[in-house]
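Chains, contacts and geometry: an overview
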Amino acid sequence: MPVPFHERVRHLLPSLIAENHRITSPASWQYNCIAWVVGKTDSWWWPIPGRFWPAWVAREETLEAFIAALATEGFSPCLSPELELGLEKIALYSMGSIPTHAARQLLNGWWTSKLGPNFDIEHSDLAAVAGGIYGTSAVFSSRAITDH
Amino acid sequence: MSLKTTAPTSLEAEFQSLAHQWREGCTLLSSTSAMVAHPAYQAIIELGQPVVPLLLRELEKEPVHWFEALKAITGEDPVSPKDWGNIPAMASAWLAWGRQRNLL
């Protein structure tokens, strides 16, 4: 019997358990978490030469630059990750001040994450993928839900 | 992070061992910087020019992010900036580069 995904990555994501997530896509090297939270599956976003980064946004691994990149897709900083009617929210994770990961809130209050070159998952809360290699959710952005 | 030591019988075996360690090490990473900084990725770069055909062959099988290694080893970059982040297009550019040089 194959070892479940969350057990294989326990050393990397210690809070992920069978009950707090489900896998929702095949693995892919074509897009990452930053692309995924803004609805893209055709590009890998990272602020280094050789990966997509929005024009005019600083190519630097800082939360400020990532917030600015999300702003190009209509997201603005907000204070809380709480579910709010009519708003789509993104949480940026960091280890110290270095961004590591992003997750997007779903209408039911769960979150969706692309795990590096691995799967997309839906997880019950932000803590499910915190505490390991992604560090903690540090800042939040939101935009009005429309037909994006 | 430390590299597992093996007794590779050939360059290809050494490359495959390092590539496996790298894939395992970056299985959840979005950060290209962290992927490239991984010791196994750096060790692949240190293998130098002889590993280029192996990288291209791997890239042909699956568009895994070998671009930075190829760039570091060859000193070339056939990827147009307009294709940065478009992984299939980046892979195609490198594969065309390799075919032009009979490396594939």
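Bear in mind the structure is a predicted one, so any value in this text is a computation, not a measurement. (Residues numbered from 1 in each chain as written. Chains lettered and ligands numbered in written order. Predicted model: local features only at pLDDT ≥ 70, side-chain atom pairs only at ≥ 80, totals over all residues. Heavy atoms only, no water.)

This next bit is on the overall build of chain B. A count of helical and extended segments in chain B gives 6 helices and 0 strands. If you list the helices and strands of chain B from N to C, you get α-α-α-α-α-α. Over its C-alpha atoms chain B spans a radius of gyration of 13 Å, differing by no more than 12% from the 13 Å that the globule rule assigns to 104 residues. Across its three principal axes, chain B shows a C-alpha extent of roughly 40 × 30 × 25 Å. For chain B, buried positions account for 47% of its 104 residues. Between the averaged position of the 8 positive side-chain charges in chain B and that of its 11 negative side-chain charges there is a distance of 4 Å. (Helix = DSSP H or I, 4+ residues; strand = E, 2+ residues; numbered from the N terminus. Rg over C-alpha atoms; globule rule 2.2 N^0.38 Å. Buried < 20%, exposed > 50% of the residue type's maximum accessible area, 1.4 Å probe, protein only. Lys, Arg positive; Asp, Glu negative; His and termini not counted. Charge placed at Lys NZ, Arg CZ, Asp CG, Glu CD.)

We now examine the interface of chain B and chain A. Each partner contributes to the interface: chain B provides 23 residues, whereas chain A provides 26 residues. Where chain B abuts chain A, roughly 2,000 Å² becomes buried across the two surfaces, and 60% of that area is made up of carbon and sulfur atoms. When the buried surface of chain B facing chain A is broken down by residue, Leu-28, Ser-30 and Trp-84 of chain B rank first, second and third, together holding 37% of it. Linking chain B with chain A are 1 salt bridge, by the criterion used here. Counting across the interface, chain B meets chain A through 13 residue pairs in polar contact (both at pLDDT 80 or more). Those elements that place two or more of their residues in the side of chain B that touches chain A are α1 (11-25), α2 (32-37), α5 (67-74) and α6 (87-100) of chain B. (Contact = heavy atoms within 4.5 Å. Buried area = accessible area lost by both parts, 1.4 Å probe. Salt bridge = Lys/Arg side-chain N within 4 Å of Asp/Glu carboxyl O. Polar contact = N/O pair within 3.5 Å; in protein donor to acceptor, adjacent residues only side chain to side chain.)

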